[in-house]
Amino acid sequence: DTGVSQNPRHKITKRGQNVTFRCDPISEHNRLYWYRQTLGQGPEFLTYFQNEAQLEKSRLLSDRFSAERPKGSFSTLEIQRTEQGDSAMYLCASSFSDIPSSLEELFFGSGTQLSVL
Amino acid sequence: QQPVQSPQAVILREGEDAVINCSSSKALYSVHWYRQKHGEAPVFLMILLKGGEQKGHDKISASFNEKKQQSSLYLTASQLSYSGTYFCGTGEYGNKLVFGAGTILRVKS
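What counts and what doesn't
Residues numbered from 1 in each chain as written. Chains lettered and ligands numbered in written order. Predicted model: local features only at pLDDT ≥ 70, side-chain atom pairs only at ≥ 80, totals over all residues. Heavy atoms only, no water. Salt bridge = Lys/Arg side-chain N within 4 Å of Asp/Glu carboxyl O. Helix = DSSP H or I, 4+ residues; strand = E, 2+ residues; numbered from the N terminus. Buried < 20%, exposed > 50% of the residue type's maximum accessible area, 1.4 Å probe, protein only. Core = buried A, V, L, I, M, F, W, Y, C linked by side-chain atoms within 4.5 Å. Pairing = 2+ DSSP bridges. Contact = heavy atoms within 4.5 Å. Polar contact = N/O pair within 3.5 Å; in protein donor to acceptor, adjacent residues only side chain to side chain. Nonpolar A, V, L, I, M, F, W, Y, C, P; charged D, E, K, R; others polar.

> Can you help me understand the pattern of salt bridges in this one?
Pairs can form between side chains of opposite charge once their charged atoms are near each other. All names here are of chain A. Throughout the structure, instances matching the rule amount to 6 salt bridges over all chains. Put simply, E83 and R64 hold a salt bridge, and the shortest N to O gap is 3.5 Å. Here the residue E83 occupies a position in the loop between strand 8 (75-79) and strand 9 (88-95), and R64 occupies one in the loop between strand 6 (53-57) and strand 7 (65-68), the gap between them amounting to 19 residues. The class for R64 is buried, based on a relative accessible area of 9%. Sharing partners across several salt bridges, the network here consists of R64, E83 and D86.

> Sorry if this is basic, but what is going on with the nonpolar core here?
Nonpolar side chains in soluble globular proteins tend to end up buried together. Counting residues in hydrophobic clusters, the biggest one holds 21 residues, and the most contacted among them are B:W33, B:L45, B:L73, B:L75, B:Y86 and B:L105. At the level of elements, strand 2 (9-13), strand 3 (18-23), strand 4 (30-36), strand 5 (43-49), strand 7 (61-65), strand 8 (70-75), strand 9 (84-91) and strand 11 (103-108) of chain B are the ones that each hand at least two residues to this core. Counting residues in hydrophobic clusters, the runner-up holds 19 residues, among them A:C23, A:W34, A:C92 and A:L114.

> Help me out: how do you make sense of the pairing of strand 8 of chain B in this one?
Remark: a regular strand shows side chains that alternate across the two faces of the sheet. Residues and elements named next belong to chain B. Sheet topology places strand 3 next to strand 8; 6 bridges connect them, and they run antiparallel. Following the sheet pairing, A18 is matched in strand 8 by L75. Relative to strand 8, strand 7 is paired through 5 bridges, and the arrangement is antiparallel. Pairing of N65 across the sheet is with Q70, part of strand 8. Taking the residues that link successive antiparallel strands as the turn, the strand 7-strand 8 hairpin has 4 residues, and the phi of Q69 there is positive, at about 55 degrees.

> Quick question: what am I supposed to make of the interface of chain A and chain B here?
A common way to report how large an interface is uses the accessible area buried once the components associate. On the side of chain B, 25 residues touch chain A, which itself brings 23 residues to the contact. For the pair chain A and chain B, the interface holds 1 salt bridge. Where B:K55 meets A:E105, a salt bridge forms, and the shortest distance between an N and an O atom there is 3.7 Å. The interface formed by chain A and chain B includes 5 residue pairs in polar contact (both at pLDDT 80 or more). At the level of secondary structure, the elements contributing two or more residues to the side of chain A that touches chain B comprise strand 4 (31-37) and strand 5 (44-50) of chain A. For the side of chain A that touches chain B, the leading source of residues is strand 4 of chain A, giving 4 residues. Residue composition of the side of chain A that touches chain B, grouped by class: 10 nonpolar, 8 polar and 5 charged.

And the structure:
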């Protein structure tokens, strides 16, 4: 088991361009989360999937953000028409849980650092 | 609402102890603790639930005061490897954790 894998590690883009990030969770994990982290802050929840179903999305998340998890395996996060305020570390995490549980341990990937120029 | 962590930063010498606090203005159901080293993924340390149930690593201890809506993480006999940023996260279930801004811990030899 190689853990949660995210690609690319770094992405530099110009304002207005679209970007897509990929997350490969731990293989037996059915839940997948996307978080965003800016310098000096803790991770901020964006969205999460139970298998292939997107169950929740942060109300603070712009419509320019979309995420998919086809077939309940890897996930992609796309940001359309990027803005400088989108610059952040985008973290993916996965876990295994049959039912909502507060004992759910999250396994994070190392993230994709996005810089919008 | 984001939990408040204190202190913001602490410097220790190897072998010293430290306490990191996490408080919330909302009633807490669970508190989760993670450590993140620079450029790396956050790593799970401990979960504490209202009612006393907990899950975590043997070498880590923490407390959860439901009435005060606070949790504290206790780091004893610190080692160089303890250096990093410690985050507490609060939430009802494993998803949608709301993390604090973090406490930077540096252990010096």
